[in-house]
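Breakdown of the fold
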Amino acid sequence: MMDRLSGPPRLMIVSDLDFTMVDHEDPENLSLLRFNSLWEAYYRQFSLLVYSTGRSPTIYKQLRKEKPLLTPDITIMSVGTEIAYGESMVPDSDWEQCLNLNWDKDIVTQETAKFPQLIPQSDTEQRPHKVSFFLEKPNSSEVIKALSECLEKRKLDVKIIYSNGTALDVLPKGAGKGQALAYLLRKFKANGRIPLNSLVCGDSGNDAELFTIPEVYGVMVSNAQEELLQWHAENAKNNPNIIHSSERCASGIIQAIGKFSLGPNVSPRDIKDFGKCRVNVFSPGYEVVNFYLFYERWRRAEVEKSDQIFQNLKSSFYPLGTFVHPCGTEQPMKKCTDMMERLYGDKQGKQYQIWLDRVSTSQIGSDSWLVKFDKWESTGEERYCCLTTVLLTTKQAEESFTWMHIHQTWLDGLEAKDRSVCLCSTMSNNANSEDEVHHLLKGAWSLSPCFGSLKGAWSLSPWIKLKLPLKRLQPCGSSNRIAWFLGDLEGSKVSDLVVKVRLGARRHKNRISGAGRGEL
């Protein structure tokens, strides 16, 4: 995790998730997407992102499927009782050993069972070092006091945390979000990698410990709950490094970055006109974030459709470069930019969004960079993602980049359901020339080669007719049935059609004819 950094992190953000990083009252996730583009454009390469959540690993992973959350460097879960590193979430076994001291989950379970006011949370939320309940607020003070006395009599060192007016967690004394962060800072210091600046962010009672760590900045988002505000008034009201933001959730985090001068705090999503607003930034990471934000707005018709804007865009792409599609087909860069021009407004009025994750850059020459990232797209509830690698070079005598090559690969389980996206993620849905359809067909043949020599007229009546001589294909196995994704040629549109061909049957020996919509 720290190996990717050449030195100490410039900034470490430690943020709660629910109603801090994630605003569950923002159905379009606008504040979260603002933070995402800011982080990937300016901070990912040299900083650390840490999530500190009360969620167990199970429901944390579920949240990541529902919301456009970035991949953190470190995840603190289950109210500070579990620490995991990287995308693969490698657990910190040393931290688990620390929490075993004077902890007995069985005794905790026995004592809490004596309180009928405590309603156990789901099995997923009962963890090795956390026992969790629901508790109504009117009963909370009496129950917490009595439970503390019971556990003390049993010689256990525990911590009881009540948050959101509903949730009660019993943890080892040495656990909690603040203790987990202090543990991480000790590890960083031992390795000479203590962050230059740290910002902690929260909204509820179980986040209060984060603000007790010395030498960190802190932001309570504007929607912070009364329990956290009361703690602040009683314990930290004179601390100038802790603020109560005037903006909700992730927007409040961005506000705090600016308030404490921790780095850039203008998200690329806040820039409405890239042509008029000149940002003094020349970095490959900013370049790719900026382009895909423009691409989203182009398809949503949120930018002006003008020849000048698109000519400026096309000048950024090397016309002889190549674009390798997620499904494996390849197209000249020039053709893709031409097709992109036709996509203007095709997502207008739809909840179409793009965000990049895990942006990493490597300079491979004096004027060239490789940029890798996960490119996410969503339309409504459908989400798909491809690993993307871009080769950029600098233009002579000006601070700008040329896109030389783009290669995309679907991530497992995150392929687009609409196979027209597979054929070309920037392919026009208005392909109406024989050349374009011919190119699609050739791409489809190259994906699924089989055996035999097929020539003749392709009859797709009543939609379109064209004659395409097909070259001899290579054997690919014993199956005599194969499928290609070509596109529904209804009218003049190319979308999604599965073409099934049975070879060897006498009636299909020399001619392939329409067998109904969706099959040939």
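Numbering of residues starts from 1 in every chain and runs along the sequence as written. Totals for whole chains, interfaces and linings use every residue, but because this is a predicted model, local features are given only for residues with pLDDT of at least 70 and side-chain atom pairs only at 80 or more, for both listing and counting. Think of the side-chain values as coming from all heavy atoms in the structure, minus any hydrogens and water.

- Identification of the chain as sucrose-phosphate phosphatase from Hibiscus sabdariffa is taken from an unreviewed UniProt entry.
- UniProt positions are given in the numbering used here, feature names are shortened, and annotations may be inferred rather than shown by experiment. Comment text from UniProt for the chain, heading Subunit (unreviewed entry), reads "Homodimer."
- You can read under Function (unreviewed entry) in the UniProt record for the chain the words "Catalyzes the final step of sucrose synthesis."

**Topic: the overall build of the chain**
- Runs of E in the DSSP output that reach at least two residues are strands. Runs of H or I that reach at least four are helices, and both are numbered from the N terminus. Secondary structure summary: the chain contains 13 helices and 22 strands in total.
- Here the chain displays about 24,800 Å² of accessible surface, and carbon together with sulfur accounts for 49% of that area. For the area figures, the Shrake-Rupley method with a 1.4 Å probe applies, and any residue is considered shielded solely by the protein chains shown.

**So, the packing of aromatic side chains**
- Under the pairing criterion, centres of Phe, Tyr and Trp rings, with the six-membered ring standing for Trp, must be within 6.5 Å; the plane angle then separates stacked pairs below 30 degrees from edge-to-face pairs above 60, leaving the rest tilted. Taken as a whole, this structure holds 22 aromatic pairs when the rule is applied.
- When the ring of Y217 is compared with that of F260, the centres are 4.6 Å apart and the planes differ by 35°; the resulting orientation is tilted. Here Y217, found in strand β11 (residues 217-220), pairs with F260, found in the loop between α8 (249-259) and α9 (284-299); they are 43 residues apart in sequence, far enough to count as distant.
- For the ring pair F291 and Y295, a centre distance of 6.3 Å and an interplane angle of 20° mean the geometry is stacked. Pair noted here: F291 and Y295 are both in helix α9, with a separation of four residues, about one helical turn. Y295 matches F291 in its accessibility class, with the two residues each being buried.
- Every member of this aromatic cluster is reached through a ring pair, and the members are F291, Y292, Y295, F317, F373 and W403. Only protein chains enter the calculation, and the probe is 1.4 Å; a residue is then buried if its accessible area is under 20% of its type maximum, exposed if over 50%, and partly exposed in between.

**Some points on the environment of S267**
- As for its placement among the helices and strands, S267 is situated in the loop between α8 and α9.
- On the basis of relative accessible area, S267 is assigned to the buried category, the value being 0%.
- For the pair S267 and A41, spaced 226 residues apart in sequence, the C-alpha separation works out to 8.4 Å.
- We call two residues in contact when some of their heavy atoms are within 4.5 Å. If we ignore the near neighbours within four places in the chain, the residues touching S267 are R34, S37 and L38.

**Thoughts on the side chain of E40**
- With respect to the helices and strands, the residue E40 is situated in helix α1 (residues 30-43).
- The definition of a polar contact used here is a pair of N or O atoms within 3.5 Å, where within protein one atom must be able to donate a hydrogen and the other to accept one, and adjacent residues in sequence count solely through side-chain atom pairs. Among the polar contacts listed, one links the side chain of E40 to the backbone nitrogen of R358, at a separation of 3.5 Å.
- Reaching out from E40, the side chain makes a polar contact with the backbone nitrogen of V359 at a distance of 2.9 Å.
- Beyond its immediate chain neighbours, meaning those up to four positions away, E40 contacts L70, V289, L356, D357, R358 and V359.

**Observations regarding helix α7 (residues 226-235)**
- Listed in full, the buried residues belonging to α7 are L228, W231 and H232. All buried residues of α7 project into a common sector of 100° when viewed along the axis, lining one side. Away from its buried face, by an angle of more than 90 degrees, α7 presents the exposed residues E226 and E234.
- Turning to α7, the residues buried within the fold contact β10 (198-202), β11 and β12 (242-244). Note that the arc is defined by the directions from the helix axis to the C-beta atoms.

**Describing the packing of helix α4 (residues 105-112) against helix α5 (residues 137-153)**
- For every element, the axis is a line fit to its C-alpha atoms; helices are fit only across the contacting stretch, and the angle between N-to-C directions ranges from 0 to 180 degrees. At a minimum axis separation of 10 Å, α4 and α5 run at an interaxial angle of 135°. As judged from the angle between their axes, α4 and α5 are oblique. With respect to the hand of their crossing, α4 and α5 are arranged in right-handed fashion. Here V108, E111 and T112 of α4 come into contact with α5, specifically with L147, C150 and L151.
- Residues were grouped as follows: Ala, Val, Leu, Ile, Met, Phe, Trp, Tyr, Cys and Pro as nonpolar; Asp, Glu, Lys and Arg as charged; and all remaining residues, including Gly, as polar. Tallied by class, the residues present in the contact of α4 with α5 amount to four nonpolar, one polar and one charged. Angles below 35 degrees are treated as roughly parallel, those above 145 as roughly antiparallel, those between 65 and 115 as roughly perpendicular, and all remaining angles as oblique. Two helices that cross are described as forming a left-handed crossing if the nearer one is turned anticlockwise from the farther one by less than a right angle, and a right-handed crossing if clockwise.

**Observations concerning the pattern of salt bridges**
- Here, a salt bridge means any side-chain nitrogen of Lys or Arg that lies within 4 Å of a carboxyl oxygen of Asp or Glu. Using the criterion set out here, one finds 22 salt bridges in the structure.
- A salt bridge links R55 to D18; its shortest N-O distance comes to 2.7 Å. You can see R55 sitting in the loop between β2 (48-52) and α2 (57-66) and its partner D18 sitting in the loop between β1 (12-15) and α1, a full 37 residues away along the chain.
- Residue R358 pairs with D374 through a salt bridge whose shortest N-O separation is 2.8 Å.

**A look at the pairing of strand β9 (residues 167-172)**
- Extensive coverage of β9 is indicated by the burial of six of its six residues.
- If DSSP finds at least two bridges between two strands, the strands pair. The pairing of strand β7 (residues 131-134) with β9 spans four bridges and is antiparallel. Its bridge partner being in β9, F133 is matched across the sheet by L168.
- Of the pairings in the sheet, the one linking strand β8 (residues 158-163) to β9 comprises six bridges and is antiparallel in character. Across the sheet, S163 pairs through a bridge with A167, a residue of β9.
- Here β8 folds back onto β9 in antiparallel fashion, the turn holding three residues, of which N164 has a positive phi close to 60°.

**Quick look at the side chain of S56**
- Locating S56 in the fold gives a position in the loop between β2 and α2.
- We classify S56 as buried; its relative accessible area is 0%.
- At a separation of 3.2 Å, a polar atom in the side chain of S56 contacts the main-chain carbonyl oxygen of T124.
- If we ignore the near neighbours within four places in the chain, the residues touching S56 are S78, T124, E125 and R127.

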